[in-house]
Structures are given as C-alpha cells and as structure tokens.
Amino acid sequence: MDLKASLSSPVVADPLPTLALPSAVMTFTTPTSFPSPGLYLNTSKKKPLPAKLEEVRTNGWFDLMMASSPTRKRQIKDIVNDVQADDLDLQYHNWMVDYPSALTSFETITDFAGSKKLALFLDYDGTLSPIVDKPENALMSDEMRDAVKHVASLFPTAIISGRSRDKVFDFVKLNELYYAGSHGMDIMGTVGKTTESNGVECIRSTDSQGKEVNLFQPASEFLPMISEVYKKLGESIMDIDGARMEDNKFCVSVHYRNVAEDDYWKVFQRVNAVLEDYPYLKLTHGRKVFEVRPVIDWNKGKAVEFLLESLGLNESEDVLPIYVGDDKTDEDAFKVLKASNRGFGILVSSIPKESDAFYSLRDPAEVMEFLKKLAAWKEQST
Ligand SMILES: [Mg+2]
C-alpha cells in the first residue's frame, strides 16, 4: 500500500468509520446469573486471615504497592547522594539497551513502517497526562491535545483508558478519536450494519454531538454488581485518610497515592475483604491504584484487537499498530502486538521495568515529541 493510498482510505478520511463487530469477538461467557457468593466464601473465609495475607503478600501485592509509592520515591531522592543518583541513571540507560527510546530509534521505526498504515492506540493517564495526586486533575495540556489531534488527522487513533469513556472524553475533548473506556470494556463506534456478535449486542446511542453511534459493552451485565461494590468499597475505606474512590462505570478504582505509607496495607485488606463476597470481580493493580473489574476475558489487548478488526485493519499486512502506555494494564496490549508480531508497544516509564513493550519513552513530554515527529514524518513523506 502506498502512502497516497493510505491517505485516501476511508479510515483516514473518516476517523470514525463503521464499527463492524469481529466474527469471533468473545472467548468468554458472561454469567447470566450470579450464584450465591457463599459458595465461594466458605473456603476463603475459614482461612485464618494471616495466612490469607501471607498468600497475597507472596503474590507480590505489597511489593507492588510499595514500588509505586510516591513517598518512597521522595525518600529515595532525599537520601541518595550524587553517586547513587548516577547509578540510577546508569541503570536506566542500561535498561534502555533492551527498551530503546522511540525518539532516538525514530528512523528505525519509520524505516520499518515504510508505506504501512499506522494505527495509534494511546493510554491516557501517565501517557498523555501527568500522574497527579488528584485523579480528577489529570488534565492534558493544550499542546498535547493539538499533537493528538494532529496525529488523529493522519492515522486512525484511539484512546484506551481505565477511566470511564465519558470521563476520558471530557479530558481529551477530541471528536476525531475512538474512545475505549473502562479498560476497553466500553467502546464507541459509528452505527454499522452489524449490531450483534456471539450474543453480545451493540447498544444504539448518540455521541456528544448528537450523532448516532454503537456502543460495545461486553460487561454490561455486571453494572448492578459494580455499582453495589463501589458503594461498599467507599464505606470500607471511608476512615483511611487520602484513600479515594473513582467510579469508572465498568470498573472501580481505589486510589491510594495520597495515603500514608503505613496505611497502604490497610487499604489492601479492606478492598480484599469486600471482594471476598464477589467471586465474579477481580482485583488488579495500577500506578498507586487498585482496580476492581469483572472477571471476563477482556482487557486493553482485546480492545486493540476489536478496534483493529472494526476498522478493517486486522488482516492487513500493511498495517502497523503502535500502542503507547505506562501501566500494568497496558501490558495486555503490548502482549497482543508482540504475539502477533506486526506492531509494537512503547512503554512510558522513567524507571527500569520489565515489559512486553519494544520501545520506551520517559514521560508524557517525550510522548508528545514522538507524536509530533510521527505527524511531521507522515506529512513529509506524502
Ligand atoms: Mg496509564
């Protein structure tokens, strides 16, 4: 496919083409009724709590919480001398041998892309906006918005966020993009001829401009359960200073970035205790946040596959999907691209981390630079 053909394709000309459901989109089955939680509780509740805690400690929850602690980072900054700081820098540079910067490798990337059509998938928090103490203040800069708008005019571009779709749209405010909220469990596309697949139906709705759209929401049956658990979690952490809840529609976040480090474990215990009554919900961990979501085989990686197929880009050899994200949940998307060996992930991180991404960028400022370079390259080469 040549670049001119790419530019004149329906996908680029109309950033929101028909959302066609993939033929075999689901491998999970959503339960139509939820058995008594007692069936699941008997075993776990009889376990002595210390053993339970020991089990989850072994599973690494505590390490994860401490590793993403801002306080810990501040303490490290306070105590390290210049030599240690140099060591940390050296570690980062050593790590970049395995995860090269997408900026310094830009030519390699564009050489590889050649005339392929790029499809961009972007996480929001920590990727397009800085991680901030109050999640509601995670605003993207106007300059970043312009950069995203520019790339979206050149490549099909989607935002895939853990936040609710409405919330992430309120932050981004661009109609040129596709939006997948709640870790991909809430995808919006234009109305197409296909409205159902494997028992999961699209819901007809309207977007912010009053245009008819299809919503794909594979976890819709979980909504009553999610809103119930949101209430219970809120009550359970009410007395912990700094702990905050966030309703992300198909998932619930419990933020602990403003909690004293001594109370971290208490947050985990409370969340874990509430979830013992909900065998169909699972707990995952992000940057200073716990996320509670339905136990279905659906994640950001599946959302990428779904969007690629919806856009008619799934089977083509001429497509290069790139996913940029900073969090554990983005790894599902990195894995999908790595496994299919056609695109790649870019991990946004200022510290060395194991990842299934291929390249790295240090922070949202570098993400913006990368997006600007992509746009300039595309415009120059056509
Ligand atoms: Mg993120």
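Residues numbered from 1 in each chain as written. Predicted model: local features only at pLDDT ≥ 70, side-chain atom pairs only at ≥ 80, totals over all residues.

1. Some points on the overall build of the protein chain
Quick note on the threshold: Only DSSP runs of H or I reaching four residues or more are called helices, and only runs of E reaching two or more are called strands; each is numbered from the N terminus. Comment: burial labels come from other C-beta atoms within 10 Å of the residue's own C-beta, placed from the backbone, where a count of 20 or more is buried, 12 or fewer is exposed, and between is partly exposed. Note on contacts: residues are paired as contacts if their backbone-placed C-beta atoms lie within 7 Å.
Looking only at helices and strands, the protein chain features 15 helices and 14 strands. Here the protein chain holds 382 residues, and 37% of them are scored as buried. Taking all contacts inside the protein chain whose residues are at least 6 apart in sequence as the whole, residues at least 24 apart take part in 65%.

2. A few points about helix H9 (residues 142–154)
Spacing of three or four residues puts side chains on the same side of an α-helix, whose turn is 3.6 residues. Going by this rule: How far a helix is expected to stretch is found by multiplying one less than its residue total by 1.5 Å. The arc under discussion is defined with respect to the helix axis, by the directions toward the C-beta atoms.
An ideal rise of 1.5 Å per residue puts 18 Å on 13 residues; H9 measures up with 19 Å between its terminal C-alpha atoms. The set of residues buried in H9 consists of Met144, Ala147, Val148, Val151 and Ala152. Projected down its long axis, H9 carries its buried residues within an arc of 130 degrees, all on one side. Of the exposed residues in H9, those oriented more than 90 degrees away from the buried face are Asp142 and Glu143.

3. Description of the sheet that holds strand E11 (residues 289–294)
For clarity, the cut-off: Strands were regarded as paired on the criterion that DSSP finds at least two bridges between them. Each axis is a line fitted through C-alpha atoms, taken for helices only over the stretch in contact, and angles between the N-to-C directions span 0 to 180 degrees.
Taken together, four strands build an open sheet; the order of strands is E8-E9-E11-E10 and the sheet is antiparallel. Unpaired on one side and paired on the other, strand E8 (244–247) and strand E10 (281–286) mark the two borders of the sheet. Going from strand to strand, the sheet's axes swing by 20 degrees on average, the running direction of each strand aside. In the sheet, E8 pairs with strand E9 (residues 252–255) via four bridges, with the strands oriented antiparallel. Each residue of the ladder has a partner; that of Asp247, found in E9, is Val252. The sheet strands contacting helix H11 (residues 223–237) are E8, E9, E10 and E11, and the helix crosses E9 at an angle near 15 degrees. Running at roughly 160 degrees to E10, helix H12 (residues 264–275) makes contact with E9, E10 and E11 of the sheet.

4. Quick notes on the pairing of strand E1 (residues 117–122)
For E1, the tally of buried residues reaches six of six residues, placing the bulk of the element in the interior. Of the two faces of E1, the one holding Lys117, Ala119 and Phe121 and the one holding Leu118, Leu120 and Leu122 are both buried throughout. One ladder, built from six bridges, connects E1 with strand E12 (residues 319–325); its direction is parallel. Note on E12: the bridge partner recorded for Ala119 is Pro321.

5. Concerning the confidence of the model for the protein chain
The line we're drawing: For every residue, the predictor assigns a confidence score, pLDDT, that lies between 0 and 100.
Per-residue confidence for the protein chain gives a mean pLDDT of 80, with 75% of residues at or over 70. Here residues 1–58 is a poorly scored stretch, pLDDT under 50, and it has 76 contacts once near neighbours within four places are set aside; other chains count.

6. Observations concerning the nonpolar core
Threshold: The nonpolar core criterion groups buried Ala, Val, Leu, Ile, Met, Phe, Trp, Tyr and Cys residues into a set whenever they are joined through C-beta atoms within 7 Å.
Counting residues in hydrophobic clusters, the biggest one holds 59 residues, and the most contacted among them are Phe121, Val151, Ile159, Val304, Leu307 and Leu371. The greatest single-element share of this core, amounting to six residues, is contributed by helix H15 (residues 364–380). In this view, Leu371 contacts Ala147, Val148 and Val151; residues no more than four positions away in its chain are not counted. Membership of the second largest hydrophobic core comes to 27 residues, among which are Phe250, Tyr256, Tyr264 and Trp298.

7. Some thoughts on the packing of H9 against H15
The condition that has to hold: By convention, the crossing between two helices is left-handed when the near helix turns anticlockwise from the far helix through less than a right angle, and right-handed when the turn is clockwise. Gly is put with the polar residues, along with every residue not named as nonpolar or charged; the nonpolar set is Ala, Val, Leu, Ile, Met, Phe, Trp, Tyr, Cys and Pro, and the charged set is Asp, Glu, Lys and Arg.
Remark: H9 packs on H15, axes separated minimally by 9 Å, with the N-to-C direction vectors making an angle of 35 degrees. Considering the relative orientation of H9 and H15, their crossing is left-handed. Every residue of H15 that contacts H9 at Glu143, Met144, Ala147, Val148, His150, Val151 and Leu154 is listed here: Pro364, Met368, Leu371, Lys372, Leu374, Ala375 and Lys378. Residues of the contact of H9 with H15, tallied by class, amount to 10 nonpolar, one polar and three charged.

8. Observations regarding unusual backbone geometry
Its identity as a non-glycine residue notwithstanding, Lys173 has a phi of 55 degrees, on the positive side. Along the chain, Lys173 falls in the loop between helix H10 (165–172) and strand E3 (178–181). According to the C-beta neighbour criterion, Lys173 is exposed, with 11 such atoms within 10 Å. The phi torsion at His183 lies on the positive side, around 60 degrees, for a residue other than glycine. Here His183 lies in the loop between E3 and strand E4 (186–190).

9. Concerning the packing of helix H13 (residues 300–310) against helix H14 (residues 331–340)
Formally: Reported orientations rely on four angle classes, namely roughly parallel under 35 degrees, roughly antiparallel over 145, roughly perpendicular from 65 to 115, and oblique for the rest.
Closest axis-to-axis distance for the H13/H14 pair is 6 Å, and the angle between their directions is 50 degrees. The orientation of H13 with respect to H14, classified from their angle, is oblique. Of the residues in H14, those touching H13 at Lys300, Gly301, Val304 and Glu305 are Asp332, Ala333, Lys335 and Val336. Its residues assigned to classes, the contact of H13 with H14 comprises three nonpolar, one polar and four charged.

10. A short note on the environment of Met140
Examined against the element boundaries, Met140 turns out to sit in the loop between E1 and H9. C-alpha separation for the pair Met140 and Ser129, spaced 11 residues apart in sequence, amounts to 4.7 Å. Beyond its immediate chain neighbours, meaning those up to four positions away, Met140 contacts Leu128, Ser129, Arg145, Phe171 and Val172.

11. Points about H15
The end-to-end C-alpha distance of H15 is 24 Å, a good match for the 24 Å that 17 residues give at a rise of 1.5 Å each. Residues of H15 that are buried: Pro364, Val367, Met368, Phe370, Leu371, Leu374, Ala375 and Lys378. Down the axis of H15, the smallest arc covering the buried residues is 160 degrees, so these residues share one side. Exposed and oriented more than 90 degrees from the buried face of H15 are Ala376 and Gln380. Where the residues of H15 are buried, they touch H9, E12, strand E13 (344–348) and strand E14 (359–361).

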